[in-house]
Amino acid sequence: MNISEEVLKQFAGHIANAKRLVVSTGAGISKESGVPTFRDAHDGLWAKYDPMQLATPQAFRRNPKLVWDWYQYRRDLIASAEPNPGHYALVELEELTPQMIIVTQNVDGFHQMVGSRDVIGLHGNIQEFKCFDNCQGIPTLIDIDALEWDKESGPPLCPYCQQAYARPNVVWFGEALPAEALERAFQLSLQADVMLVVGTSGLVQPSASLPAITRRSGGMVLEINPNPSMITSIANQHLMVPSGEALPVVVNLVRQMKET
Ligand code: BV8
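Every value quoted in this text rests on a predicted model; they were computed, and no experiment measured them. (Residues numbered from 1 in each chain as written. Predicted model: local features only at pLDDT ≥ 70, side-chain atom pairs only at ≥ 80, totals over all residues. Heavy atoms only, no water.)

Considering the overall build of the protein chain
Stated precisely, the cut-off is as follows: In DSSP terms, a helix is any run of H or I states spanning at least four residues, a strand is any run of E spanning at least two, and both are numbered starting from the N terminus. Partly exposed residues are those whose accessible area sits between 20% and 50% of the maximum for their type, while under 20% is buried and over 50% is exposed, using a 1.4 Å probe and protein chains only. Contacts are assigned to residue pairs with any non-hydrogen atoms lying within 4.5 Å of each other. What sets the accessible areas is the Shrake-Rupley method with a 1.4 Å probe; for residues, cover comes only from the shown protein chains.
In terms of helices and strands, the protein chain carries 9 helices and 9 strands. Projected onto the principal axes, the alpha-carbon positions of the protein chain cover approximately 60 × 35 × 30 Å. By residue count, 51% of the 260 residues in the protein chain fall in the buried class. Expressed as a percentage of contacts within the protein chain between residues at least 6 apart in sequence, the contacts between residues at least 24 apart total 66%. Accessible surface computed for the protein chain: about 12,300 Å², of which carbon and sulfur atoms make up 52%.

Structure (structure tokens):
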């Protein structure tokens, strides 16, 4: 990693001194697990589709099988992938900084899988399913493993209303984020003295506004992303390194600083 020890120590020092640390993650933290990010070109059959055109209620209404199959493809990708050293480093960081919270845009469930204790999922969970009409309340969760249906035909019908289809329990473009999760994320961003932003392009709102909230309320924004993003211009410091490499090194320095 061609970053000087001095720069790394400065970056880690801000985190070691944080009193109210929020870590905001995007698809980039799962890239080294082999899970393509939203902006990556998907391969094969899905290469010709733009995720932005598929992750919408309109797309699902228009062609439920196409959208259902795309999510099945992504669930298969996630099932064959493993959390990477970046996810595990955040578990260690949580042990060093107990009040740390992770706010993630990701739907792959990797933070929860590796044992991060306090994770706010802003965009839902690709492994969960609900009734498209939320016929029993918001959300009407469905256990599709308990259902029998012709898997080639696309989504099963909701077993409760038998009218609407089952759909992934994720937030689509044009849909509101879960109110409680979003409110908590806003409050935490307001109160944070340090927000560590890892692997997000900062393009998707309202999640992308969280670092600016921290900055505006006097907090510090630190970024880990091998590329510039929409967050970079408001970051106090930016490590242009893949998170799977950077996070273990930074967290190890934080540990040394806290132990001295
Ligand atoms: C809403 C779940 C309102 C589904 C996703 C202003 C305010 C509010 C809304 C809007 C607004 N402007 C526009 C909108 C509408 C829209 C929006 O933001 N559009 C954008 C694109 C212009 N927002 C919405 O529709 C949101 N809804 O606001 O509703 C409302 C209110 C009340 C009532 C009704 C409606 C809903 C947005 C949520 C969409 N769902 N996911 C699914 O996954 O299928 S978003 C999805 O895309 C992901 O969850 C993720 O959030 C996003 C992708 O972003 P990233 O995670 O950043 O990933 P990306 O690929 O972009 O970038 C990856 C980064 O990683 C890159 O920077 C790369 O350099 C970096 N990287 C690569 N390798 C590594 C790495 N980093 C570290 N290490 C590496 N190795």
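Topic: the site of the ligand
This is how the line gets drawn: Whether a residue is near a molecule or strand depends on its heavy atoms: it is near if one of them lies within 4 Å of it. Each polar contact in these results corresponds to two N or O atoms within 3.5 Å; when the atoms are within protein, one needs to be able to donate a hydrogen and the other to accept it, and residues that are neighboring in sequence are counted only if both atoms are side-chain atoms. Each residue gets one of three labels, nonpolar for Ala, Val, Leu, Ile, Met, Phe, Trp, Tyr, Cys and Pro, charged for Asp, Glu, Lys and Arg, and polar for the others, Gly among them.
Around the ligand sit 34 residues, and of these Arg39, Tyr71, Arg74, Val171 and Ser201 come closest. Contact between the ligand and Phe38: an oxygen atom at 3.0 Å from a main-chain N or O atom of the residue. A class-by-class count of the residues in the shell around the ligand yields 16 nonpolar, 13 polar and 5 charged.

Describing the pairing of strand E7 (residues 194-198)
Formally: For two strands to pair, DSSP has to find at least two bridges joining them. Handedness of a crossover is defined as follows: with both strands directed away from the viewer, a clockwise route from the first strand across the helix to the second makes it right-handed.
Judged by how many residues are buried, E7 sits mostly within the fold: 5 of 5 residues are covered. Burial of the side chains of E7 extends over both faces: Val194, Leu196 and Val198 are buried on one face and Met195 and Val197 on the other. Judged from the 5 bridges that link them, E7 and strand E8 (residues 220-224) form a sheet pairing that is parallel. Directly across from Val198, in E8, lies its bridge partner Ile224. You can see the chain leave E7, run along helix H8 (residues 210-216) and come back into E8, and the turn it takes is right-handed.

Topic: the pairing of strand E4 (residues 124-131)
For E4 and strand E6 (residues 166-170), the ladder comprises 5 bridges, and the chain directions are antiparallel. Bridge assignment links Phe129 to a residue of E6, and that residue is Pro168. Sheet topology note: the E4/strand E5 (residues 141-142) ladder contains 2 bridges and is antiparallel. Within the sheet, the bridge partner assigned to Lys130 lies in E5 and is Leu141.

Looking at the packing of aromatic side chains
We count it as follows: Under the pairing criterion, centres of Phe, Tyr and Trp rings, with the six-membered ring standing for Trp, must be within 6.5 Å; the plane angle then separates stacked pairs below 30 degrees from edge-to-face pairs above 60, leaving the rest tilted. For a lysine, the NZ atom is tested; for an arginine, the CZ atom; a charge sits over a ring if that atom is within 6 Å of the ring centre and within 35 degrees of the ring normal.
For the structure shown, the criterion picks out 9 aromatic pairs. Ring plane angle 40° and centroid distance 5.4 Å describe the contact between Phe60 and Trp172, whose orientation is recorded as tilted. A residue pair is termed long-range when its members are at least 10 positions apart, and Phe60 in helix H3 (residues 57-62) and Trp172 in the loop between E6 and helix H7 (179-191) qualify at 112 residues. Taking relative accessible area as the criterion, Phe60 reaches 2% and is therefore assigned buried. With a relative accessible area of 1%, Trp172 lands in the buried category. Where Trp68 meets Phe129, the ring centres are 5.5 Å apart and the plane angle is 40°; that geometry is what we call tilted. Of this pair, Trp68 sits in helix H4 (residues 64-79) while Phe129 is found in strand E4, placing the two residues 61 residues apart along the sequence. Of the two residues, Trp68 and Phe129, both sit in the buried class. One aromatic cluster is present, built from ring pairs that chain together Phe38, Phe60, Trp70, Tyr71, Phe132, Tyr165, Trp172 and Phe173. Taking NZ or CZ as reference, Lys151 lies 4.0 Å from the ring centre of Trp149, over its face. Sitting above the plane of the Trp172 ring, Arg167 keeps its charged end 3.7 Å from the centroid.

A word on helix H9 (residues 243-259)
The following threshold applies: Expected helix span is taken as 1.5 Å per residue step, with the number of steps being one fewer than the number of residues.
Under the 1.5 Å per step criterion, the end-to-end length of H9 is 23 Å for 17 residues, consistent within 8% with the ideal 24 Å. Among all positions in H9, only Ser243, Gly244, Ala246, Leu247, Val250, Val251, Leu253 and Val254 are buried. Taken together, the buried residues of H9 touch helix H1 (5-16), helix H5 (85-96), E7, E8 and strand E9 (237-239).

The values are spatial; any link to function lies outside them.
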